[in-house]
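Coordinate analysis (summary)
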Amino acid sequence: PNELYTFFIKALNELPLAYLHIVLPHSGSQTDWLPLAEVRALFQGPLLAAGGYSRSSASAAIQDNLTDLVGFGRLFISNPDLPLRLQEEAPLTPYDRSTFYSSGPKGYVDYPCLGERSTPPTHPGKHDGRRQLWKKKIMRLGKSTSEQALTTSLAQLQYLATFVSPALLRRLASDPSPMTSPQQEQSEAVVMMVDISGFTRLGGLLAGLPEGAELLTSSTNQYFTDLINCVDAAGGMVERFAGDALICLFHNSADSARNAVWSALRILHEHPSHVVHDVPEVDSVELTVHIGIGMGHLSIMTIGGGDHRWIRVLVGEPLQELASVMPDSDSNEVIISPATRAVVEPYFRTIPRNSNWKVTGSVQLLHLEAPAPVCATAEMSECLRGFVDQHVLNHVDAGLGSWMADCRTMTVLFIGLHFPQNQPLFELFHQSVTVVQELMLTYQGSLANCLVDEKGTILVACFGNPVHQDDPLRAVSSNFEIKTQLASIGVDITVGIVTGAIFSGAVGSSLRRDYTIMGSPVNLAARLMKSCPLGETCIDDVTFQATQNEVLFAENPLLDLNGFDEPVRNYTPTAMRTSAQGPGLSWVRDDSGFVGHSDLIEGLGLTYTSEEPSEQPPVLIRILQGINGVGKTAFARHLIRGLVADGLPVSRILESRATEMEAATPLHLWRPIFTQLLIASTGEIITSIKRRRRAAVEKALSKILGPLGQRKSYLCLLNGLLSVDFPISPVIAEMGSDDQATSTYAFLTKVLTAATADHPLVLLLEDLHFCKDPMSLNLLSSVARKLNMMTTPPNLPLLIFLTVTRTTLDPIARSPRHCSPLEFLTAELEPLPIVQAITIPKLPLSEATLLLYQSLREYGVCELSDAVVEFVYQHSHSGLPAIILGIAHEFRDQLARIQEGGSSYLSFLAGALDFLNTSAPDFHIDLPTELAGWARMKLDRLPLLQQLTMKCAAVIGAPFELETLEFIFPVADQTSDNIQACVLQLTTQGYLMQPPETTSFHILDPTLRTEAYLLLPLEQRRLIHRQLALYYEMLGEGADLIAQHWFRFITENKKATHRERLRSLEWLTDWGNRRCADKDYVGAITVWESVLGLAASFPEGTLRTRIEMETILLILPALWHVFPNYPELYRVDLLRRLLGVMQADHPRFVGAQFELALLNRSLLLDTTTARELADTLGQSPTPAARLLGYKAAVFISNYEGVVRSMARDTRRALELYHQDPDQLSDTNTLPLLIPTAFSVEFARIGYVEHVSHRVGFFGGQFETPIPDMLTLVDRSGVCFNLAVLGDMPGLFAMADITLDRAQEFDNPLYVSIATFYKLYAELHLNPDPPLLPVLRAHFNQMLHTNPHHLFYYLFTNCLLEAEQVGEARELCQRGLEQQQVMCTPLLQLNMGRCLHPSTEALPWFDDALSTALAHDNRLWQAYVLYWRCSLCLLTHNEDLVLLREIVADWDAAPDVGIIAKILACQSDNRI
């Protein structure tokens, strides 16, 4: 069966299996079976072998790397404690074969354990502990299988071998010696390019998602796997990944061209496309391929080595043919060159395509056999590692091969190389790559790829892994040097530079993979490079914003680029700025204000004007220190602005900033200071030639020092500092390096102090923590000592402000290579009396609130609730100004809606986001770029295992136990001791903290936790969340934690299994119930909304319908409790979403649908469709369904104001209920009919009393328990009718009862409504107290939560009775602008009353009557007629006819008293 098992094992190798279990024969000839060594070579995942093993043979198999695991079956039966016996080398009990497969217990459960013998175990109780350990190991269901495969050096080597070309492996098999110089091989070969179409569009659509780059890579990898398998099956080798394309090599065979075309046709036949589903804005995106094939003389160059990494590049005739072939190929086509067609014509059908040929099919069936794979050997190791990216090597060496992927902000450079004609390409290509590699080492970036395809020769470099705070600046700066150095060897370049979120990791399949970067920014960089003129550079807007203070730019026209919907803004960098060319000291004149630290500033007493002499030396150097984001620069600039206000000339302010990129460059901190002082001050252009710069320096020094004389011999010390070329004087030439440095410090100190003769100087030196240049620090020390020896002058001669970041994470010990700036400050400066160290604290709550208001002023926000302020303060790490400003910026769109939703909107937003932050570990507010970059930089400088520990700790949350971390740690071969050592090291370094007398740990800095969490790719985050949920389930504790981790695992996780979804659903529903029970209604609704989202992942059917319906039933009552806190638009969106998932054919939920929609007046219901649904229900044979249909019809009639229909359906519902009250005791139905019954049948006093008695309506208790919310709805409905009828005593009593119930249920909406009704009744019952202002204030407050027509109508009644006609008219107009159907004629009526006795009142009365007639509402008609009559306007016979129709047609007269009053006004006493 060798062929059969070989086929199966190779196929299984492509599946994501946990392991492969091989059962070996127990007896007979072993030659009939596939040897285990061959199985090992075919299957690259973990291997488990079983069958006849003993302790010694099992150990030998593992030591020889034949398998990873050995399984025992029969020996485990006879030795229940077999793992313990194997570990302690105890004797094994032989098994009795005769008892196998028997029906009784003999031979299965009667074998003894070690502990049951006369001699007790060596370690009492250890057996149980191991069982617990085994249980934990078994529970690690999500362990990375690839990690387990990397437990031996040989397995690691085989894994590394997949990152290089199989062709290279074949060469190394014959010559494994390491590379020492570039090489070039020549051969005849076929090159095939498989290019994926749709990749750029997919990248653009996914760009807006946090995990967009990761999803892009995952989708591409799925397609790559299929393509690579087809190439491999035909004997091809994937030489390189060129972005979204494969460069495949076929050679060493006479049939190479035939095999290449055959594999291309197989790809089109078996894998013509790959559909990516659930893409934002579109349902799906289809990826397709187009393939080109060329052949001829090929040159394989091995070049580079500048960063100890060699790169293989293909050039020659096949690539030249591809440049012609690929433009002719469309989607799902194979185009071949004429040379290729000449060779394969006997096997394939072709048709001409321009100058090339399209393959349409094969002439005969071919049977191809893939060559046996070449396995890496130990001899190849050194040479093989020279071709693998250093990032991959670091992770594999640390046993973290499957955890090298991450998502981070990076800056990527696409460098297009344009070689001169008729020049030796090999040498130029090698020199170009070496130059870029060496510059990447200098700037601490990396060369990610080298591509030669139909688009040209391209180098791809990136900055950000590891991260630096100035990665965009490093990229732009390196671009200038690359351009200069390549131009010196005759190579022109075009460059595209883009900054953005990029996924870095392995792409491909288990056969062939490569480490690469992917994402929309990568695509954009390639497009910008192609659009660039020769010799130019184009950068995107993000890079421009990050570097505009350090680089000069020219803005280019907008570019329309393929794959990008909007035109792209781009710029060309022209030169590095010097300080004098910077954006200037615009901040000096900035009057936007500074918030905070008022007590600290007042204590400094800093002033520019002269003061009385003091015995104490003045403070001339202030070290402003604090953590990142605390506002050190803003504090220093505020102090300097104060000096300017006192009279300091702006020209005397000089500033400089230390950068990490130039951390060790001599005197880099002082270069901008002396450039501004000695060159810019003379008006000389900074970029002028050295001769003019030299003249400017001499002029400035003569002005400062007077005649130079012998000092001219020291001017050459300025050459490196100011890029001038003073000749080296004999005095300086005779000095040693130390003496030259000392002379430099003395000369520059003299220049600085002399420059203060006329006016003081103020120096602002920022980010001193980055300055590891001893010369810069020594000059600072020299200046400080000089100032300390000077006598106290009348004015401040030289005032220096230093900003430095100091945290527990900063090393204090001196580095052997660089000077520690923090140690320098502590030892050299702080002891001097003229130096003052000031620690900038975080802002207290009061000052943080002022800063928040100031940052939101542009949005028109003048008032925020205490909850919002507390929310922002908490999430700003308790007062970090940078994060406060970041939160305000993050919420700019939402905050702009405060005017619409009122402050309650932001209160709700704060509640919802606070819930997310505490319940969802990956919820975060985007940190300011500088703060986020600092956190990532700190993480990147940790060893890889400690980085992974921090990431896992971030997923667990705070606090976490060591046992929890050990359980979920995703690397299988890391022992508990290793993990504990990592945690202790991180605690010692200040990354983690262990509170006293506890066993738990937490990440000390919340910024680090956020960034550590986000660096993990989404799939890996989900894996750890799942493990945590399983772990807490196993412990049987932490129900909220279990739900939270299932929540993070399942959210938008399309790979989750059906069982995992059900499991998550159960925990999430229970979590929402607990939050609701704790009256955290916002949190409950948020959880249940996630359940609705989870339900959408189930296939349509009964289960999905049940989940949606049950969840909606939970949301409805919770929604009412937070109704006032929801903004109007949010309510509409939420309700529309709920209505969209309800099933119209389910009677319970149709009722709930109308109940929710109609009680919420903000939702515009489609009443026509609603009426049809209600009529359908009303015709149902099921009484319960008919009852709900009538109820829905009542709501619709009430909404539309059709009173007669409302009365009819109410009677039908009540009659149906009385037929079988026990069967239809639906408390969700009957109470909601009661207010309607009062509305339409209140004249039938006996019936109302019957209903009141039946349900204990007026203050009693219902016979059946009624939901709190429905009770309040009933009572407010009664208040409505009593107010309209003018029954003020009844209204006061009912409002008082309703208010008590609303307060009992803690429902702010109905507390507000009941209070209004009570004040309204009290105002009419006792008009003497000044209650109108109180009612007015309450009415204005209600407009934000329940702007209903009824309250406009009632309050305008009060205003009219108080003769405040102007205000009443304005309110009527505002109420009518709401365009609500309910009470519209009543407001039109009151508008007429406001205008009476003017003739302008008549149109309003006519409109009111027309509206009442249009809605067939007899009650409204009667009211309009009454007021027209009382105002002596009822004079038309048509009105009397209408009045008689009302009396004759209305079964239940609305109010006999009203009709009698109308007729009395007409002297029709008989009627």
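This report concerns the structure included in the present document. The structure presented is a predicted model; accordingly, all values stated were derived computationally and were not measured.

Attention now goes to the pairing of strand β16 (residues 492–508). Most of β16 is tucked away, with 14 of its 17 residues classed as buried. As paired strands, strand β13 (residues 406–418) and β16 are joined by 13 bridges and run antiparallel to one another. Bridging from a neighbouring strand, Thr409 pairs with Ala501 of β16. Relative to strand β18 (residues 537–540), β16 runs parallel, the two sharing three bridges. Its bridge partner lying in β18, Gly496 is registered against Cys538. In terms of strand pairing, β16 meets strand β17 (residues 513–518) through six bridges, oriented antiparallel. The partner of Phe503 across the bridge, within β17, is Met518.

A contiguous nonpolar surface patch, about 560 Å² in accessible area, is contributed by Leu4, Tyr5, Phe7, Phe8 and Trp33. Note on Phe8: relative accessible area 45%, which makes it partly exposed.

The sheet built from five strands is open, its strands ordered β22-β23-β24-β21-β25 with parallel pairing. In this open sheet, the two edge strands, each paired with only one partner strand, are β22 (653–657) and β25 (835–839). Between one strand and the next, the sheet's axes are offset by a mean angle of 15°, whatever the strand orientation. Both strand β23 (residues 761–766) and strand β24 (residues 798–805) contribute to a ladder of five bridges, which runs parallel. What sits directly across from Val762, in β24, is Leu799. This element, helix α28 (residues 774–789), spans β21 (621–626), β23 and β24 of the sheet and lies at about 140° to β24.

Right, let's get into helix α29 (residues 821–829). For α29, every residue scored as buried is listed here: Pro821, Leu822, Phe824, Leu825 and Leu829. Around the axis of α29, the buried residues are gathered within 160° of arc, so they sit on the same side. Of the surrounding elements, those touching the buried residues of α29 are β21, α28, β24 and β25.

Inspection of the secondary structure assignment puts Leu1299 in helix α54 (residues 1288–1304). On the accessibility criterion, Leu1299 (10% relative accessible area) is buried. The spacing of Leu1299 and Ser1276 is 23 residues in sequence and 9.5 Å in space, taken between C-alpha atoms. Those residues in contact with Leu1299, other than ones at most four positions away along the chain, are Val1311, Ala1314, Thr1315 and Lys1318.

On to the packing of aromatic side chains, then. Counted according to the given criterion, the structure contains 18 aromatic pairs. With centroids separated by 5.4 Å and ring planes inclined at 55°, the aromatic side chains of Phe419 and Phe429 adopt a geometry described as tilted. Taken together, the residues span a long stretch of sequence, with Phe419 in the loop between β13 and α17 (425–443) and Phe429 in helix α17 at a distance of ten residues. A relative accessible area of 0% places Phe429 in the buried class. Consider the rings of Phe967 and Tyr1031, whose centres lie 4.7 Å apart with planes at 35°: the pair is tilted. Of this pair, Phe967 sits in helix α38 (residues 962–968) while Tyr1031 is found in helix α41 (residues 1018–1035), placing the two residues 64 residues apart along the sequence. Judged by its relative accessible area of 2%, Tyr1031 falls in the buried class. These aromatic residues form a ring-pair network of at least three members: Phe544, Phe553 and Tyr571. Against the face of Tyr347 rests Arg258, its NZ or CZ located 5.5 Å from the ring centre. The aromatic ring of Trp357 is capped on one face by Arg341, whose charged end is 3.7 Å from the ring centroid.

Rules used in this analysis
- Residues numbered from 1 in each chain as written.
- Predicted model: local features only at pLDDT ≥ 70, side-chain atom pairs only at ≥ 80, totals over all residues.
- Heavy atoms only, no water.
- Buried < 20%, exposed > 50% of the residue type's maximum accessible area, 1.4 Å probe, protein only.
- Helix = DSSP H or I, 4+ residues; strand = E, 2+ residues; numbered from the N terminus.
- Pairing = 2+ DSSP bridges.
- Patch = residues over 30% accessible without salt bridge, like charges linked within 9 Å, V, L, I, M, F, W, Y side chains within 5 Å.
- Areas by Shrake-Rupley, 256 points an atom, 1.4 Å probe, with all protein chains shown as cover.
- Salt bridge = Lys/Arg side-chain N within 4 Å of Asp/Glu carboxyl O.
- Axes fitted to C-alpha atoms, helices over the stretch in contact; angles between N-to-C directions.
- Contact = heavy atoms within 4.5 Å.
- Arc of directions from axis to C-beta.
- Phe/Tyr/Trp six-rings, centres within 6.5 Å; stacked < 30°, edge-to-face > 60°.
- Lys NZ or Arg CZ within 6 Å of the ring centre and 35° of its normal.

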